[in-house]
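Understanding the architecture of this molecule
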Amino acid sequence: MKIQPDEISRIIKEKIEKYNYKVDIDEVGRVIEVGDGIARVYGLQDIMASELVLFNDKIYGMALNLEEDNVGCIILGEGDKIKEGDIVKRTKKIVQVPVGEAMLGRVVNPLGVPLDGKEPIKTKLSMPVERKALGVVARQPVKEPLQSGLKAIDSMIPIGRGQRELIIGDRQTGKTALAVDTIINQKDTNVYCIYVAIGQKRSSVAHVVKALKEHGALDYTIIVSATASDPAAIQYIAPYSGVTIGEYFRDRGKHVLVVYDEPNLEISDTVMSVLISQEWEGNVRELKNAIEHAVAMAAHNKIIPEDLPDHIYQTRISSKNMSAQNFMHLPFAEAKEEFEKSYIEGLIKN
């Protein structure tokens with residue numbers, strides 16, 4: 001067989017023309033220490049606070065503590081599958097949670113992943129888990145009542161739309177029942193409800209879902225579940241996720257009620273104290289930050305700033321013809337002396 005030089009040249013030219021060279025550049029680091037749901041990573045120089053990172057292309061984490069020589073990340077998955085020396089990649093995205101009307105009636109984890117076994121949630125909108133609370137100018141006095149449906153409470157305790165109300169009590173005193181009754185009572189009142197279960201048993205969350213479904217309350221309710229079997233990092237971001245999901249409706253002129261039931265102090269305390277080199281108040285701190293978003297928003301306030309990127313908000317809404325929006329928070333807690341002290345001191349400082 002005689003090889004023709006012209007034919008070889010033609011084949012080489014065709015290969016060159018069809019050659020598609022693409023370079024993917026990823027900023028990567030390596031795990032230098034891992035344990036208790038926390039990984040310390042070396043090599044991620046330009047990482048952002050609260051940025052989503054990827055361990056071994058499988059497990060997600062969140063950058064929380066930025067130091068000079070390493071980054072402290074909380075692991076949002078199975079931490080026992082991560083070991084020293086594993087590769088960590090930046091995603092260049094802040095931790096976000098899906099939002100929208102499609103979330104109504106669903107049970108999701110703090111990352112927006114469905115837990116109810118139904119079809120995937122079809123929404124293109126997402127918002128950062130941690131957002132800044134509205135300033136004083138955007139607020140107005142609390143002047144509309146929120147009816148819990150319990151005469152003893154509604155007649156003696158003033159609960160307003162837009163305020164924070166701590167409900168504290170011993171075990172088995174009906175704190176969850178009060179939350180469920182309050183949510184059920186919001187039917188036909190134009191109030192959307194977010195129930196955030198933190199550190200609960202899965203069976204307890206299932207009972208709440210069943211009760212809301214029987215009374216037709218799931219149509220305007222979203223349940224964010226971070227159970228006791230979930231990693232502490234998932235429980236840590238649960239209050240923030242509940243707030244973010246609720247703020248989507250608030251920014252569109254709706255009233256929102258958020259219930260936190262019930263912050264488990266011991267779990268997050270242990271994990272966060274390892275990560276952050278300062279005194280840490282566990283869920284008291286994240287809960288206090290989350291409930292700062294409770295607000296009675298003034299009707300003249302612009303709902304959505306014009307400069308927000310499209311991947312966060314795809315529509316621009318002005319509030320010229322909208323009534324005031326109220327964002328209510330009902331945190332629940334078991335009666336414990338250290339919780340009361342930390343919670344009250346935190347409110348006094350702010």
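Shown above is the structure to which this text applies.
Residues numbered from 1 in each chain as written. Predicted model: local features only at pLDDT ≥ 70, side-chain atom pairs only at ≥ 80, totals over all residues. Heavy atoms only, no water.

1. Things to note about the overall build of the protein chain
Helix and strand content of the protein chain: 8 helices and 15 strands. Counting across all 350 residues of the protein chain, residues that qualify as buried make up 48%. Long-range pairs, those at least 24 residues apart, make up 71% of the contacts in the protein chain between residues at least 6 apart in sequence. Surface accessibility of the protein chain: about 18600 Å² in total, with carbon and sulfur atoms responsible for 52%. (Helix = DSSP H or I, 4+ residues; strand = E, 2+ residues; numbered from the N terminus. Buried < 20%, exposed > 50% of the residue type's maximum accessible area, 1.4 Å probe, protein only. Contact = heavy atoms within 4.5 Å. Areas by Shrake-Rupley, 256 points an atom, 1.4 Å probe, with all protein chains shown as cover.)

2. A word on the pattern of salt bridges
Inspection of every chain in the model, using the stated rule, returns 13 salt bridges. Put simply, E51 and R90 hold a salt bridge, and the shortest N to O gap is 2.9 Å. In this pair, E51 sits in strand β3 (residues 51-55) while R90 sits in strand β6 (residues 87-94), placing the two residues 39 residues apart along the sequence. On the basis of relative accessible area, R90 is assigned to the buried category, the value being 13%. Across the salt bridge formed by K83 and D86, the nearest N and O atoms sit 3.4 Å from each other. According to the relative accessible area criterion, K83 is exposed, its value standing at 54%. What you see here is one network of salt bridges that share partners, running through R131, E247, R250 and D251. (Salt bridge = Lys/Arg side-chain N within 4 Å of Asp/Glu carboxyl O.)

3. Some words on the side chain of E51
The buried category is assigned to E51, whose relative accessible area is 0%. Residues contacting E51, with those up to four places away along its chain left out, are G61, M62, A63, R90, T91, K92, K93, I94 and V95.

4. Here we look at the packing of helix α3 (residues 175-184) against helix α4 (residues 202-214)
It is at 10 Å that the axes of α3 and α4 come closest, and there the two elements cross at 30°. Relative to α4, the element α3 is oriented roughly parallel. Crossing geometry of α3 relative to α4 is assigned as right-handed. From α3, T176, V180, I183 and I184 reach across to α4, where they touch V208, A211 and L212. In the contact of α3 with α4, the residues fall into 6 nonpolar, 1 polar and no charged. (Axes fitted to C-alpha atoms, helices over the stretch in contact; angles between N-to-C directions. Parallel < 35°, antiparallel > 145°, perpendicular 65-115°, else oblique. Left-handed = near helix turned anticlockwise from the far one by under 90°. Nonpolar A, V, L, I, M, F, W, Y, C, P; charged D, E, K, R; others polar.)

5. Description of the nonpolar core
Grouped together as the largest cluster of nonpolar side chains are 59 residues, with contacts concentrated most on I183, L212 and I245. For this core, the secondary-structure elements that each account for two or more residues are β4 (59-66), β8 (107-108), α3, β11 (191-198), α4, β12 (221-226), α5 (232-250) and β13 (255-261). In terms of residue count, α5 provides more of this core than any other element does, 10 residues in total. In this structure L212 touches V180, I183, I184, A217, L218, T221 and I223, once residues within four positions along its chain are discounted. (Core = buried A, V, L, I, M, F, W, Y, C linked by side-chain atoms within 4.5 Å.)

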